[in-house]
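# Fold and contact review
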Amino acid sequence: MAETKHQSFQFKQFTVFQDRCAMKVGTDGVLLGAWASGGTLPETGAPRRILDIGTGTGLIALMMAQRFPDAWIDAIEIEHEAAEQASENVAASPFADRIQVMEVSLQEYVGQVVAQADGFCRYDAIVSNPPYFVNSLKNPDVQRMTARHTDTLSFRQLMQGVSRLLADEGVFSVILPTSGQVEFESEAVISGFSKVCDVQVKTKENKTAKRCMISFSRQVPTVVLREEICMMEADNQRSLWYGELTKDFYL
């Protein structure tokens, strides 16, 4: 699914309005929201606290709330219009009492949390569809540039923030272009994380993978789960994997 230009996107249990957001509902957000681990390590169980970094429209936070009915979700967003619209999308959803949207950068949020000292309980799961363009031509649309480029949140800053906020047994899940995977995984290792799961996503069987979904943990796994999947069949219908992954969300 390409990014839609529609003013809103209807899912089974909620609607995402997006006319004020630079980054619209798209494949990456849907994939991550449907796949992201709430704690794949056996000892973690279902998450009770989840953080969505760079929530945009609020899509991933809403999907995590639907998947994990006992979880509280904090969603942070640096861009003002997006944060306001995400708040409105959450307020109109069935999960309004379990999601809090905050207009704040990750760096500022970490500072706020650290100031709480012993009063802060770290997150069981953190998810992010982060900015990913590094040293590339900037988009003249300032909102879209902020959402897509690493200038305001580098891979290193993201991993450092996750390191401060994730519980010892927690899992951090991210979706990235495959072109940035090596650099991102290097930053994860520097921050003390091990890769738990690596899914290479292809649009069709005859294509190369252009995006990847990765989960990290402080715990070193016995085996790293590796998978290569296709989203679409040759006839442009959703693959069995993609259909099963998103069946609770797409109409």
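Preceding block: the structure.
Here's what I pulled together on the structure shown here. (Residues numbered from 1 in each chain as written. Predicted model: local features only at pLDDT ≥ 70, side-chain atom pairs only at ≥ 80, totals over all residues. Heavy atoms only, no water.)

## Comments concerning the overall build of the protein chain
For clarity, the cut-off: Secondary structure elements follow DSSP: runs of H or I no shorter than four residues count as helices, runs of E no shorter than two count as strands, and numbering proceeds from the N terminus. Pairs of residues are marked as contacts when any of their non-hydrogen atoms sit within 4.5 Å. Computed by Shrake-Rupley with a 1.4 Å probe, the accessible areas treat only the displayed protein chains as cover when residues are assessed.
Looking only at helices and strands, the protein chain features 8 helices and 10 strands. Of all intrachain contacts in the protein chain linking residues separated by at least 6 positions in sequence, the fraction that spans at least 24 positions is 72%. Surface accessibility of the protein chain: about 11700 Å² in total, with carbon and sulfur atoms responsible for 51%.

## A closer look at the packing of helix α1 (residues 27-35) against helix α2 (residues 59-67)
We apply this condition: To obtain each axis, a line is fitted to C-alpha atoms, and for helices this fit is confined to the stretch in contact; angles are then taken between N-to-C directions over 0 to 180 degrees. Reported orientations rely on four angle classes, namely roughly parallel under 35 degrees, roughly antiparallel over 145, roughly perpendicular from 65 to 115, and oblique for the rest. Here is the rule for handedness: rotate from the far helix to the near one, and if that takes an anticlockwise turn smaller than a right angle the crossing is left-handed, while a clockwise turn gives right-handed. Each residue is assigned to one class: nonpolar for Ala, Val, Leu, Ile, Met, Phe, Trp, Tyr, Cys and Pro, charged for Asp, Glu, Lys and Arg, and polar for all the others, Gly among them.
It is the contact of α1 with α2, at a shortest axis distance of 8 Å, that shows an interaxial angle of 25°. Taken as axis vectors, α1 and α2 run roughly parallel relative to one another. Relative to α2, the crossing made by α1 is right-handed. For the pair α1 and α2, the contacting residues are Gly29, Val30, Leu32, Gly33, Ala34 and Trp35 in the first and Leu59, Ile60, Met63, Met64 and Arg67 in the second. Residue composition of the contact of α1 with α2, by class: 8 nonpolar, 2 polar and 1 charged.

## Structural notes on the sheet that holds strand β7 (residues 166-177)
Our working rule: Note: two strands are recorded as paired if DSSP finds a minimum of 2 bridges between them.
Pairing is mixed in the open sheet, where 8 strands are placed in the order β5-β4-β3-β6-β7-β9-β8-β10. Looking along the sheet, the strands with just one partner apiece sit at the ends: β5 (99-103) and β10 (225-230). When strand polarity is set aside, the average angle formed by the axes of neighbouring strands in this sheet is 15°. Across 4 bridges, strand β3 (residues 49-53) lies against strand β6 (residues 123-128) in parallel orientation.

## Focus: the side chain of Ser194
Mapped onto the secondary structure, Ser194 falls in strand β8 (residues 194-202). Those residues in contact with Ser194 that lie beyond four places of it in its chain are Ser215, Phe216, Ser217, Gln219, Val220 and Pro221.

## Some details on helix α6 (residues 155-165)
A turn of α-helix holds 3.6 residues, and therefore any two residues three or four places apart point the same way. Quick reminder of the rule: The classification of residues rests on relative accessible area computed with a 1.4 Å probe and restricted to protein chains. Under 20% of the type maximum is buried, over 50% is exposed, and intermediate values are partly exposed. Directions pointing from the helix axis toward each C-beta atom define the arc.
Of the residues making up α6, those classed as buried are Phe155, Leu158, Met159, Gly161, Val162 and Leu165. Viewed along the axis of α6, the buried residues span an arc of 160°, placing them on a single side of the element. Buried residues belonging to α6 abut β3, α4 (106-116), β6, β7 and α7 (181-190).

## Topic: the pairing of β5
Rules: For crossovers, right-handed means that the path from the first strand over the helix to the second runs clockwise, given strands pointing away from the viewer.
Both strand β4 (residues 72-77) and β5 contribute to a ladder of 5 bridges, which runs parallel. Along β5, the bridge assignment pairs Ile73 with Ile99. Between β4 and its parallel partner β5, the chain crosses via helix α3 (residues 80-91), and the hand of that crossover is right-handed.

## Section: the pattern of salt bridges
Close approach of charged atoms lets side chains of opposite charge pair. To be explicit about the condition: Just to be clear on terms, a salt bridge is a Lys or Arg side-chain nitrogen sitting within 4 Å of an Asp or Glu carboxyl oxygen.
Inspection of the entire model under this criterion finds 12 salt bridges. Here Arg20 and Glu81 are joined by a salt bridge, their closest N and O atoms 2.9 Å apart. Placement of the pair is Arg20 in the loop between β2 (15-17) and α1 and Glu81 in helix α3, with a sequence separation of 61 residues. Residue classification places Arg20 among the partly exposed residues on the basis of a relative accessible area of 22%. Of the residues examined, Glu81 reaches a relative accessible area of 29% and is grouped as partly exposed. Between Glu205 and Lys202 there is a salt bridge, and its shortest N-O distance comes to 3.3 Å. One salt-bridge network, in which partners are shared between bridges, spans Arg20, Glu81, Glu84 and Glu88.

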